[in-house]
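One letter stands for each residue in the lines below.
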Amino acid sequence: LAEESGSWQEGYRSAGNPHLSAIVISHADRDHYGGLAALPPETGFNGQVIVSVFEDTSLIRAQSGVWAEKLRFRTIGQGDTLGGLEGVEIRCIWPPEHLTSGTGKLSKNARSLCFMVRHDSSTVLISSDIDSAACRSLAESYGYQLYTDVLIVPHHGSAGSVDRLFYGYAAPALAVISSEALPNRYGHPSERALDMLVERGARVYLTYDHGHVVLRSNGYYWTVN
């Protein structure tokens, strides 16, 4: 949940205010969980929050506003799957539980949750805020299994999250970058990330340019609105 609550609330309303069986928080940076406190009390949400095995759940609970007492956490790691969507497999591919723990913002990003989502033969790889070292580890562990139709680009297109081997195996036809417009204080998205995607023939969608990027799959291919 992005910290800028108006954006995701607009998307939630446009989807018809669906019941939320779970909210996945990739890692506890405010731009990934800060909107939880602004979730309206009348939202159809049962309180289940999915986080990595490394997460500080007390931090999230303390900053979740009226939802603090209602939250119940489920921790997952590499190899675990999420249910709830008929005909869809949502498999966690990162982080592994043996990953060396550390401190600081960089290591927090490196341990953020990543998923391969599969609907029949169509796939989307959600790479969260992992850095280039984590990208390389994924590439070495999964190889061609990372091949995907759609890639949610690592860390908003950060230059520090570009790895040639990872992009080579993923080889997405579509790529989505969540970022505010340039120039911004982080320099996202970087020219390195954009060039890497263009070199591989990916169609790139930027949230600051295209707004909400809605992907729909019929099991064989994706359409984009």
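Predicted, not measured: the structure shown is a model, and the values here were computed from it.

Enquirer: Tell me about the state of the cysteines, and name the residues and values.
Expert: What the rule picks out here adds up to 0 disulfides. Cysteine Cys 92 shares no disulfide, and the gap to the nearest cysteine sulfur, in Cys 114, comes to 7.5 Å. What makes Cys 92 buried here is its relative accessible area of 0%. Overall, the relative accessible area of 0% leaves Cys 114 in the buried class.

Enquirer: Pulling in residues and values, what's your account of helix α7 (residues 191-199)?
Expert: Every α-helical turn comprises 3.6 residues, leaving residues that sit three or four positions apart pointing alike. Those residues of α7 not exposed but buried are Ala 193, Leu 194, Met 196 and Leu 197. Viewed along the axis of α7, the buried residues span an arc of 160°, placing them on a single side of the element. In α7, the exposed residues that point more than 90 degrees away from the buried face are Glu 191, Val 198 and Glu 199. In this structure, the buried side of α7 is in contact with β8 (150-152), α6 (164-170), β9 (174-177) and β10 (203-206). A positive backbone phi angle near 80° is found at Gly 201, which sits one or two residues after α7.

Enquirer: Break down the sheet that holds strand β7 (residues 122-126) for me, citing the residues and quoting the values.
Expert: The strands that make up a sheet are held in pairs by hydrogen bonds between backbone atoms, and each pair lies either parallel or antiparallel. An order of β4-β5-β6-β7-β8-β9-β10 is seen for the 7 strands of this open sheet, with the pairing classed as mixed. Edge positions in the open sheet fall to β4 (81-82) and β10, since each of these has one partner strand only. Sheet topology note: the β8/β9 ladder contains 3 bridges and is parallel. Looking across to β9, one finds that Leu 151 is bridged to Ala 175.

Enquirer: Describe the nonpolar core, and please don't skip the residues or the numbers.
Expert: Counting residues in hydrophobic clusters, the biggest one holds 27 residues, and the most contacted among them are Ile 93, Leu 125, Leu 138, Leu 146, Phe 166, Tyr 167 and Leu 197. When residues of this core are traced back to their parent elements, those giving at least two are β5 (88-94), β6 (114-119), α5 (132-142), α6, β9 and α7. It is α5 that contributes the most residues to this core, 5 residues altogether.

Enquirer: Got a sec to walk through unusual backbone geometry? Specific residues and values, please.
Expert: Residue Pro 95 is reached from Trp 94 by a cis peptide bond, and omega for that bond is 10°. Turning to its location among the elements, Pro 95 is positioned in the loop between β5 and α4 (105-110). Pro 183 follows Leu 182 through a cis peptide bond whose omega is -5°. Counting through the fold element by element, Pro 183 comes out in the loop between β9 and α7. Despite not being glycine, Ser 128 shows a phi value in the positive range, around 55°. The residue His 155 is not glycine, and still its phi comes out positive at about 45°. Structurally, the position occupied by His 155 is in the loop between β8 and α6.

Calculation rules
Residues numbered from 1 in each chain as written. Predicted model: local features only at pLDDT ≥ 70, side-chain atom pairs only at ≥ 80, totals over all residues. Heavy atoms only, no water. Disulfide = S-S within 2.5 Å. Buried < 20%, exposed > 50% of the residue type's maximum accessible area, 1.4 Å probe, protein only. Helix = DSSP H or I, 4+ residues; strand = E, 2+ residues; numbered from the N terminus. Arc of directions from axis to C-beta. Contact = heavy atoms within 4.5 Å. Pairing = 2+ DSSP bridges. Core = buried A, V, L, I, M, F, W, Y, C linked by side-chain atoms within 4.5 Å.

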